[in-house]
Structure formats: C-alpha cells, structure tokens
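What follows is each chain in one-letter form.
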Amino acid sequence: MGALSHLRIVEIGSASAVSYCARLFADFGATVHKIEPPQGDPLRRTAPLTPAGHSTWFAFLNFNKSSVALDPNDANSSARLTDLIGACDVLLDGRDVDAAGCPAFDLAAIKQRHPGLIHLEASWFGGEGPYANFAATDSTVRALTGLIKLVGPADGTPMHAPDFQTGILAGLWGFIAAASSVMGRMQDGHGRSQHLSIFESSIAVTEYIMFESFSRGDIMRRIGVNRFWPTFPVGIYETRQGWLGVTTVTPAQWRAFCEMLGLTALRDDPTLFMGTDRLQRMEEIESQFIPKLKQRTAQEWFAEGLRRKIPIVPVPRIAELLADEEKRARGAIVPIMIGDETGFTAGSMQRLVSTPARRGGAVPDIGEPMLGSAHAGEHAVRVPAPAAAGRTRLPLEGIRVVDFSMGWAGPVCTRTLADLGADVIKIEATQYPDWWRGVDRRPAYVQEQMYEKSVRYCIMNRNKRGITLDLTRDRGINLAQRLVADADLVVDNYSVDVLPRLGLGYNVVSKLNPAIVMMSMSAFGAGSMNRDCRAYGSTLEQGSGLPSVVGDPGGPPVMSHTAFGDAVGGLNGCVAVLTALIHAKLTGRGQFVDLAQIECMMPFAAPWIIAHSIDGREPVKYGNRHPDFVPHGCFRCAGDDNWLVVAVSSDAMWPKLAALLGRSDWISDPALQTAAGRRAIEGEIEAEILAWTSARDPEEAMNALQAAGVAAGVARMPIELLQDKQLDARGFIQQVDRAFIGLHPQPSMPFREAEGPYLVRTAPPTLGEHNREILVGMLGLSDAEIEQLTRDGIIGTEMLMEEQLMEEKKRAAG
C-alpha cells in the first residue's frame, strides 16, 4: 500500500499541469481516473513520438492511471462522471486550458452533497486580469515570466528550452495545493477549492532574480550562451571527452578551481575575489581556463572536483543518463510500458524510504483500467474525513517544522509550508547564518549588518520564526533535539553527513520522535556514490540531461537558468514531505525522505529519455522551433533588445496569423493548412513574422496577435515583472515591512483558495529574532539560562566576522 493509496483522484480536461499533478498522486498509490474523450486526450499526439506513434510526453504524465473514455454526446456520460467525482477525494480540473470534450456536470451540486471534496482548478493565467483570455503555450508563458530573455548569445536571438517546463512546475504546485488541502481536511473536515495559475507557477524559477532586481536595479543582461549573472563562471564547457558543468560562487571555490587548473595568477588576483568582479573580465578568464579543461575528460575533472570540493559535474547525454545504474537503483529511472513498446522514463523523485513510490508502470490505452486493478481501483480502502466542524483553518495549521535549510531549495520548501499555516522554526547560527544573507565576512559587511538587508533571504523566509543555535556544541545540539522531539517535520539541505555527524541524524531523531518525518535535500542523495559532491542549482541542471536537448542542432549543451535546480528541488521537496506527512498523520509512523535534487531536474528531460530508450536515436534539437507548432520562434521587435515569442499552436490558429500578416494567399493555400505542410516554407513564414514584429513595439505586437487569437508573449526581463499588469491585477506581489530594509515586495504562491492570495502574515526573521520566544516560551528556559547561552555564543543576534569566528574556533580547540 502506497502512502496515498487511500485517495481517489479524478482528472478532467487536457492540461499538462493537471496530468502531472495527478501522476504525482498515482506514484504513491492513489487511484487516478483520467477522463478523456473517445479519441483520447489531445496530449496523446504531442511530440516526441515513439516508433509506434505514442507520445512520450503523454506517457510520462500518465502511467499508473486508469483511462475512462466518456463521450460528451452520450446521455449517460454526465451521470457516470458525476458518480466518479462524487466518490472521489480530489478533483483535478484542467478544463480552462482545454476542456477536451469533458461531459457537462453540476459541480456546485456535487460539492453540496460532498462538502469534503477537494477541487483544484488550473488555468493559464488564473482566470482574471488582463491576460485572462490570452492564448498561451509553454514557451509564451516562459517568455512572459522572464525565463527566456536572459538565455542565449549576447547580441543574438534569445534561446529557450523545448516545451514541458510549465506543465511540470505547475503540476508540482498543483500537488502542493491539493495535498495540503488533504492535510487540512484531515484536521477540520472541510473540502477546499484551490485555483492555480500556470503563469504564476513558473515565477518560482525566476523570482530570485526578479526580487534581486528590486534591490540592485536594472543591471541584468543576456551575456552569452552558458553565462549568467550574478557570478562567473557558471556554465558548460568542453573537455577532452564530454562536457563539464562548472559553478564557482564562494571565494574559496574560485581559488580551488584556479588551483586545480594551475592558474595561480587568477587565483591570487584580488580583483577577482567575488563573482560579480569576474563577470567584468569573462573573455579574459575563459581564454585561460578553457584550454586547460580540454586537457582532461569530464569524468576526470569531476573526480578532481570531488576531492577539492568544487561544484563541477559531467553534463550527460540522454544515453548516459539511461546507462546510469545508480539512478535505476534509486528509482529515478524506471521501466514503462506503452502499448506493445517498453522503455524507461523518469520515475518519482520523491524518495520516501519507508513507503516508496511505484517503480514504473503502464500507460493506459483510451478507456483502459490501470494494469493489474480489478476494476480501475474503485474498491480501494478509503479513510473517512472527519465531519466538518468549526472554522476553515489554513491547511497546515498545527504542523510544526524544524528548518535547518539555507539558500534557496530548502527555504522555498519550508516557506511554502509556512505560507500554508505550518509553524516553521528556522535554525541558523551566528557563526554560520543562512548563506543567502551573504558569504562576505569582512568587517564592513558585518558591522553595517548587510546580512540583514538581503532581499533574496527575505523572500525565502517569510512567515517563519528564527532562532540561532551553535550546533557544534553539546548545549546547542541538546536544544535542537528538544525542538525536534515535539515537531512533525525536519528539513535540511546540508551535505548528507552534516546533521548525522552533529547528532541530529534520522537514527537519533526517530528515537526522540517516532512519528517525525525527516527530509535530507542533498545534491545526489544520501546513499549516492557522489554524495559528497558540492552543488548549486546550476549544478543540478548541468547534471540532469536537460541541457543536452536545448539549443541549436549541432550546438553545445545549453543551460536555461542561473540556478534552475534550486526552485525545482524545493518544490519537489515540498511534494515529498506533504506525502510523508499525510501518511504519518494516518498511521503515526514517520520516515526518512532521501531527496536527490539532481534527480528532481530529470522530469524536464523525460520525453527524450523515453524516446531514446525505445528507439536509440539521439534527440532532435529544434532551437527555437517546435516539433508540433509551425511557426514557432522568438522574433525581434522595435527598440533595443526587444523580443516576442510567437507560437501557432493549432491549425485553426494559422489563418488568424496569416490574416494579420496580410497573406490571404497563405489562408487559401491547402498545402499550408497543417503544420507538416507549413514546415516546407517555415523560413519564409518566419521572415514574414520578423518583418512585421520588427516594426512594432513588443507590447503592441503581442496585443495585436492576442486580439487575433494567436499565442504570443513578450520576452520580459525579470525586473519587468515587478510592474507586470497581470501580476498587479491579481495582487500577486505583496508589500511587506521589515526591519533594516523597510517595505519590500514578496511573491505570492501561484494558487489561492479565496479571491486574493495567501497572505504574508509575518516578516522574515532577523538573525535570532525569536530566540527568547521559542527557547523560553516553548522549551521553558529561564532568563538566566538565556543570558548564559548568549555569553557562551550558543545563541546570539549578530553575525560573526571572520576574525571573531577564527578566535572562537581557537578557543574551542584549546
């Protein structure tokens, strides 16, 4: 029995986000009924295709589900669907994206009869605001969310990854909305209706750069393929054999990288201390280290990087991912059956050790029950929800989280839990505060309390309480253990051996609290042979396989973001702990969650993993073109570096574009009525679009295309999102007042239960802000004990400078 085997899910409409959300439930045993028309979900025809014509994207989204084919013209279909929804726990609704022939039903009446029903409704833009009626595709949404314009050659066309990203990101958020609602219903008996914006879901990846722009201004530009603000080098480089992903963030990592390559002059240059300094001299620096990297293979450099604690990683091709025995052993790659074809795909990335996910499965044919079920799983044991009583609380009220995480991935996971009502206690130390406060320990930085003025730290840590504890000393560990003993969840994203070495490993924590869930969010996983590899969000993307399918034919692997893997790891972590918490609440049994963040990036490459495992061919790279949509690309507009993504996502959209361009001959040409026919003159069509867009302001061009019914999105810079009219209309950006920085913007979650977003209830904590509140109020310490802990440096409210830290280490050693 899986962790979610008591749940029944009904999925309606055709939306990748909803399908992926449903698959996440199915991974852990939930019974999922996928409703589709007799001709099948339109996603069944999405490229890439297997030799037998099966969509690998559809396959990835839908294995381990049951297909229920309902004809909207059949009088019995509405009654059948009403019965299925009335018997389910969660209705996942993608009709606003594409109704896909879903039969009519009375949702309000069903909710009245079944007040415990949880309903998640997904739409491109949240159903309101100036973009509400926009035609959209994966690429136009990514353009609007600032995920395209910073990628590619400095003076050329921005580059973007193939489709599938928005579906995965919104699917993760959708699961978080639905699973937290399941948790809430277990407490108060109330069903909840959540409304998910796919557009806002994608901002999770870009929000860091977006809000850095608030404090730093408009300083970001596209600076070249595999180059990204705010540090350098962060990119992919050729070696003697294979490609190598390189990231240097801290001064120590930069020095170690230079030493590894024998570049002592660069290592000792004081003007290259910080990554922003090195950005000013990129060509000069690359001219020295690129030839050095070509002297050894990617695997050899990786081994050397492990020894020197440098975040570098081989950039695998899809074939190399499939050959990785460790990923198969961990369930990151699993077998899949699609009709008569068999292959492999990305499995569940949420590695719950005691209640693991299903290892592979079958993709249902149209109308086919899940393989091995007696009757589509309709007789699964269900756990009744309590009768609705009292007020509807925040979904996770009553859940307590001890948060040892820092940076981006861990904090965005725990921030989401806090936003949903959990009591999150963030643990830092004056000796080692959250590194997103800054890694600079020089006197000026510390004395001016710059560590309290980091906007990126603030956006990741709202709605939390914060304390400091020196975990290198017994008294600090003892206090941490007391907090853990009364918690529901512990989260950390240190290297895998840090908490166990300190006496806070799962073997210790589970004895203090058998019902606790504990998640380690390391780069490669607790049991990996590469468990000691240092990694950032960039490293995770570099090692995921995704860069190998991005870019132009014959070109190098291309990264999509400065730190793509951080947000993705955080969202997957949130999915994992919600699954484990639901199980713990049902059974009283906690467990360890071994999340490998590099695996969390693999779903973005999943369609090509399936295709290659079946046909053995290298993936086709389309650049900014598309395997299904013609035309599709990024086009220059009037002004300086202004661009617009245009996508004709259906044959019905083609004559609308042709009419706008004044090409009536194209409308009447029967050879151009299909994407396959238009492919023959794709270059000519693109030239015509470019001539039209280059004479127009990007906003004007987008609005004209949208008014005609053609999908288009301005390629925005992240800073532009701070003034985005759609986000403004939805109240997505909240203004929060905090000590040291005053009013500053905070992003909302992309789903909402009421008309407005979930509120930022409390400002991000200053260092040690809640020491007394928690240590006295929760643990019962006396004022005298607090004073002694402060004198001993166990707790505090001020970051230590480098000299102070060294002195403290000497005292401890002596």
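This is a predicted model, so every value here is computed, not measured. (Residues numbered from 1 in each chain as written. Predicted model: local features only at pLDDT ≥ 70, side-chain atom pairs only at ≥ 80, totals over all residues. Heavy atoms only, no water.)

> Please clarify how unusual backbone geometry should be interpreted in this entry.
Negative phi characterises most residues that are not glycine, and trans characterises most peptide bonds. Residue Pro-48 is bonded to the preceding Ala-47 through a cis peptide linkage, with omega at 0°. Tracing the sequence through the fold places Pro-48 in the loop between strand 2 (31–36) and helix 2 (56–62). Here the phi dihedral of Asn-64 falls at roughly 70°; this positive angle occurs in a residue that is not glycine. As for its placement among the helices and strands, Asn-64 is situated in the loop between helix 2 and strand 3 (66–69). Relative accessible area serves as the criterion here: at 8%, Asn-64 is assigned to the buried category. The phi dihedral of Lys-309 falls on the positive side, at around 60°, and the residue is not glycine. (Helix = DSSP H or I, 4+ residues; strand = E, 2+ residues; numbered from the N terminus. Buried < 20%, exposed > 50% of the residue type's maximum accessible area, 1.4 Å probe, protein only.)

> Where do I start with the packing of helix 6 (residues 165–188) against helix 22 (residues 564–587) in this structure?
It is at 10 Å that the axes of helix 6 and helix 22 come closest, and there the two elements cross at 25°. Classified by the angle between their axes, helix 6 and helix 22 sit roughly parallel to one another. At the point where helix 6 passes helix 22, the crossing takes the left-handed sense. On helix 22, the residues touching Gln-165, Leu-169, Leu-172, Trp-173, Phe-175, Ile-176, Ala-179, Ser-180, Val-182, Met-183, Met-186 and Gln-187 of helix 6 are Phe-564, Val-568, Leu-571, Asn-572, Cys-574, Val-575, Leu-578, Thr-579, Leu-581, Ile-582, Lys-585 and Leu-586. Its residues assigned to classes, the contact of helix 6 with helix 22 comprises 18 nonpolar, five polar and one charged. (Axes fitted to C-alpha atoms, helices over the stretch in contact; angles between N-to-C directions. Parallel < 35°, antiparallel > 145°, perpendicular 65-115°, else oblique. Left-handed = near helix turned anticlockwise from the far one by under 90°. Contact = heavy atoms within 4.5 Å. Nonpolar A, V, L, I, M, F, W, Y, C, P; charged D, E, K, R; others polar.)

> Would you explain the sheet that holds strand 14 (residues 423–428) in this entry?
Think of a sheet as strands paired side by side through backbone hydrogen bonds, with each pair either parallel or antiparallel. Pairing is parallel across the open sheet formed by six strands, whose spatial order is 15-14-13-16-17-18. Lying at the two open borders of the sheet, with one neighbouring strand each, are strand 15 (464–468) and strand 18 (591–596). When strand polarity is set aside, the average angle formed by the axes of neighbouring strands in this sheet is 20°. Looking at chain direction, strand 17 (residues 517–522) and strand 18 are connected through six bridges and run parallel. Bridge pairing in strand 18 places Ser-520 opposite Asp-594. Of the strands in this sheet, strand 16 (489–492), strand 17 and strand 18 touch helix 22, which is tilted by about 160° from strand 17. (Pairing = 2+ DSSP bridges.)

> Whenever I open this one, helix 15 (residues 409–419) confuses me. Can you help?
Since the α-helix advances by 3.6 residues per turn, residues separated by three or four positions end up pointing in the same direction. Of all 11 residues that make up helix 15, 11 are buried, and the element is covered over most of its length. Those residues of helix 15 that sit buried are Ala-409, Gly-410, Pro-411, Val-412, Cys-413, Thr-414, Arg-415, Thr-416, Leu-417, Ala-418 and Asp-419. Positive phi shows up at Gly-421, right after helix 15, with a value of about 110°.

> Is there a simple way to explain the side chain of Ser-522 in this structure?
Tracing the sequence through the fold places Ser-522 in strand 17. A polar contact of 3.0 Å, which involves the side chain of Ser-522, links it to the backbone nitrogen of Gly-525. Sequence-distant contacts of Ser-522, that is, excluding residues within four places in its chain, are made with Tyr-494, Val-496, Leu-595, Ala-596 and Gln-597. (Polar contact = N/O pair within 3.5 Å; in protein donor to acceptor, adjacent residues only side chain to side chain.)

> Looking at this structure, I do not really get the pairing of strand 5 (residues 118–123). What am I missing?
The side chains of a regular strand alternate between the sheet's two faces. Counting buried positions along strand 5 yields five of six residues, so the element is predominantly enclosed. Sheet analysis places strand 4 (residues 90–94) next to strand 5, joined by four bridges and oriented parallel. Bridged to Val-90 within strand 5 is Ile-118. Where the polypeptide runs from strand 4 across helix 4 (residues 107–113) and back to strand 5, its parallel neighbour, the crossover connection is right-handed. Pairing of strand 5 with strand 6 (residues 193–197), which is carried by five bridges, proceeds in the parallel orientation. Pairing of His-119 across the sheet is with Ser-193, part of strand 6. (Right-handed = clockwise from strand over helix to strand, strands pointing away.)

> How do you make sense of empty space enclosed by the protein when you look at a structure like this?
To find leftover empty space, a probe the size of one water molecule is rolled over the atoms. On inspection of all chains with the given rule, the structure shows four cavities of 30 Å³ or more. Here the largest cavity defines a volume of roughly 130 Å³. Considering the residues around the largest cavity, the lining is formed by 16 residues, among which Leu-150, Ile-209, Phe-228, Trp-229 and Thr-562 are closest to the centre. When its volume is computed, the second largest cavity comes out at roughly 80 Å³. Lining the second largest cavity are 14 residues, and of these Arg-142, Leu-147, Val-151, Gln-165 and Ser-560 sit closest to its centre. Of the residues in the lining of the second largest cavity, the class split is nine nonpolar, four polar and one charged. (1 Å grid on protein atoms, 1.4 Å probe; cavity = no way out; pocket = protein on both sides within 12 Å on 5 of 7 lines; lining within 4 Å. Points joined across faces, edges and corners; volume = space filled by probe spheres on them.)

> Looking at this structure, how should I read the pattern of salt bridges?
Charged atoms that come close allow side chains of opposite charge to pair. Following the criterion strictly, the structure yields 59 salt bridges and no others. Across the pair Glu-428 and Arg-437 runs a salt bridge whose closest N-O atoms are separated by 2.8 Å. For Arg-437, a relative accessible area of 0% corresponds to the buried category. One network of salt bridges, with partners in common, ties together Arg-400, Asp-423, Arg-465, Asp-486 and Glu-773. (Salt bridge = Lys/Arg side-chain N within 4 Å of Asp/Glu carboxyl O.)

> What should I look at first to understand the environment of Ala-611 in this one?
The residue Ala-611 is located in helix 24 (residues 606–615) in this model. Looking at Ala-611, the relative accessible area reads 8%, which means it is buried. Excluding residues within four positions of it along the chain, Ala-611 makes contact with Thr-56 and Gly-616.

> Is there a simple way to think about the packing of aromatic side chains in this case?
Taken as a whole, this structure holds 23 aromatic pairs when the rule is applied. Taken together, a centroid distance of 5.5 Å and an interplanar angle of 25° make the contact between Tyr-20 and Phe-60 stacked. Linking Tyr-20 in helix 1 (residues 16–27) with Phe-60 in helix 2, this pair joins segments that are 40 residues apart in sequence. Per residue, the accessibility class of Tyr-20 equals that of Phe-60, and both read buried. Seen from their ring centres, Tyr-237 and Phe-289 are 5.0 Å apart, and the 80° between their planes marks the pair as edge-to-face. Here Tyr-237 is found in strand 7 (residues 234–238), whereas its partner Phe-289 is found in helix 11 (residues 282–293), with 52 residues between them in sequence. Residues Tyr-237 and Phe-289 agree in their burial class; the two are buried. (Phe/Tyr/Trp six-rings, centres within 6.5 Å; stacked < 30°, edge-to-face > 60°.)

From the geometry alone we can't say anything about function, so treat these as descriptive.
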